Amino acid sequence: MNFKLIILICLTLVFFSTSSVLARAALLDNSIDPYSFTFFRLFFGALTLVIILFLKEKKLNLSLNKNWHSSFMLFLYAICFSYAYINLDAGLGALILFAVVQLTIIIVALIKKERLNLKKSIGISIAFIGLVYLLYPSKDFEISIYHSILMMLSGIAWGFYTIIGAKSSNATLNTTDNFIKSLVYLFLFFILFVQDTNISSYGITMAFISGGITSSLGYLLWYYILPNIKIITSGILQLLIPPLAIFLGVIFLNEELSFKLVLSTFIIISGIFIYLKTKEA
């Protein structure tokens, strides 16, 4: 892994963790409703990417026949992400999200008949135990199961979005196409499910920063990085995001750094580290 790729990976992970904090900041005081935040996030992201694509290729060579499955995964990830953050702290949401992302990638690898020895099985089991421990109700640490399930769905969708991205041959074109087509799914979601919206200048500003900067640039870099690393490596790299999001949430959102959150983070990362460090049978 060369130095340039390492720098791009670090920058991407910072963008990802910042997105969690921005979403929580926007939704914390009901400055904007989850649907509107998602819409403006993806809209501003699409706008930024269209400009980048045009400056790079001097044309907008988008197709109506491609990327509908990946754009749906982007939509599903983003909409569940926003509704989940109504009642989840930034760090906790990121922990659930990227733990599920990693587990999704592992399960897909198993379905593709990748070998799994005893130590790898132990690693996966430890990661699951950490996630169960986090979500298990306790008097000193209350967590919304409903919003946690939404974040799990978001993690599954992002896992598949990552897997699809590993085959990307043009990161700028594919990411732009995904963002634009995701707006179609958002329009359908609005017709079927949305009754009321709530928009403020602060909420739109958070959505603009999240979509126009951290999401669009982060996802663009991610689709550039993915073909250059193993898909399983992409999963473990994303497990660096929860600690970053927890740190940022404590600093900027005054969120609580509980023992249960820290311990579950350690357990999950330890389990997946064991999986990745174990040689194939």
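Just above sits the structure.
In this text the structure is predicted, and so the values were computed from the model without any measurement.

A. The arrangement of the overall build of the protein in detail. Looking only at helices and strands, the protein features eleven helices and zero strands. In the protein, the succession of helices and strands from N to C terminus is α-α-α-α-α-α-α-α-α-α-α. For 281 residues, the compact-globule formula gives about 19 Å, and the C-alpha radius of gyration of the protein, at 18 Å, lands near that figure. With the principal axes as the frame, the protein shows a C-alpha extent of 50 × 45 × 35 Å. Looking at the protein residue by residue over its 281 residues, the buried ones come to 54%. Long-range contacts, defined here as pairs at least 24 residues apart, represent 90% of the contacts in the protein between residues at least 6 apart. Of the roughly 13,400 Å² of accessible surface on the protein, 69% is carried by carbon and sulfur atoms. Between the averaged position of the 19 positive side-chain charges in the protein and that of its 12 negative side-chain charges there is a distance of 18 Å.

B. Quick look at the packing of helix H2 (residues 34-57) against helix H3 (residues 68-84). Where H2 contacts H3, the axes come no closer than 8 Å and their chain directions differ by 140 degrees. Relative to H3, the element H2 is oriented oblique. Taken as a pair, H2 and H3 cross one another with a handedness that is right-handed. Residues Pro 34, Tyr 35, Phe 37, Thr 38, Arg 41 and Leu 42 of H2 lie in contact with H3, whose contacting residues are Leu 74, Tyr 77, Ala 78, Ile 79, Phe 81, Ser 82 and Tyr 83. For the contact of H2 with H3, the per-class residue count stands at ten nonpolar, two polar and one charged.

C. Representation of the packing of aromatic side chains in the model. Evaluated as defined, the whole model comprises 27 aromatic pairs. Here Phe 44 and Phe 208 contribute two aromatic rings whose centre-to-centre distance is 5.2 Å and whose plane-to-plane angle is 90 degrees, an arrangement assigned as edge-to-face. Residue Phe 44 is found in helix H2, and its partner Phe 208 is found in helix H8 (residues 201-225); the two are separated by 164 residues along the sequence. When its relative accessible area of 16% is taken as the criterion, Phe 44 is described as buried. Of the residues examined, Phe 208 reaches a relative accessible area of 40% and is grouped as partly exposed. A centroid spacing of 6.1 Å and a plane angle of 65 degrees characterise the contact between Phe 75 and Phe 189, whose relative ring orientation is edge-to-face. Remark: Phe 189 occurs in helix H7 (residues 171-193) and Phe 75 occurs in helix H3; sequence separation between them is 114 residues. Phe 75 sits in the buried class, given a relative accessible area of 7%. Positioned above the aromatic ring of Phe 81, the side-chain terminus of Arg 41 is 4.8 Å from the ring centre. The ring of Tyr 133 is capped by Lys 260, whose NZ or CZ atom sits 5.3 Å from the centre of that ring.

D. Expanded view of the nonpolar core. Membership of the largest hydrophobic core comes to 86 residues, with the highest contact counts inside it found for Tyr 77, Ile 96 and Trp 158. By residue number, the principal contributor to this core is helix H4 (residues 90-111), which donates 14 residues. Contact partners of Trp 158, with chain neighbours within four places excluded, come to Phe 16, Tyr 77, Phe 98, Val 101, Tyr 219, Trp 222 and Gln 238.

About the thresholds
- Residues numbered from 1 in each chain as written.
- Predicted model: local features only at pLDDT ≥ 70, side-chain atom pairs only at ≥ 80, totals over all residues.
- Heavy atoms only, no water.
- Helix = DSSP H or I, 4+ residues; strand = E, 2+ residues; numbered from the N terminus.
- Rg over C-alpha atoms; globule rule 2.2 N^0.38 Å.
- Buried < 20%, exposed > 50% of the residue type's maximum accessible area, 1.4 Å probe, protein only.
- Contact = heavy atoms within 4.5 Å.
- Areas by Shrake-Rupley, 256 points an atom, 1.4 Å probe, with all protein chains shown as cover.
- Lys, Arg positive; Asp, Glu negative; His and termini not counted.
- Charge placed at Lys NZ, Arg CZ, Asp CG, Glu CD.
- Axes fitted to C-alpha atoms, helices over the stretch in contact; angles between N-to-C directions.
- Parallel < 35°, antiparallel > 145°, perpendicular 65-115°, else oblique.
- Left-handed = near helix turned anticlockwise from the far one by under 90°.
- Nonpolar A, V, L, I, M, F, W, Y, C, P; charged D, E, K, R; others polar.
- Phe/Tyr/Trp six-rings, centres within 6.5 Å; stacked < 30°, edge-to-face > 60°.
- Lys NZ or Arg CZ within 6 Å of the ring centre and 35° of its normal.
- Core = buried A, V, L, I, M, F, W, Y, C linked by side-chain atoms within 4.5 Å.

Shape descriptors only; they carry no functional weight alone.
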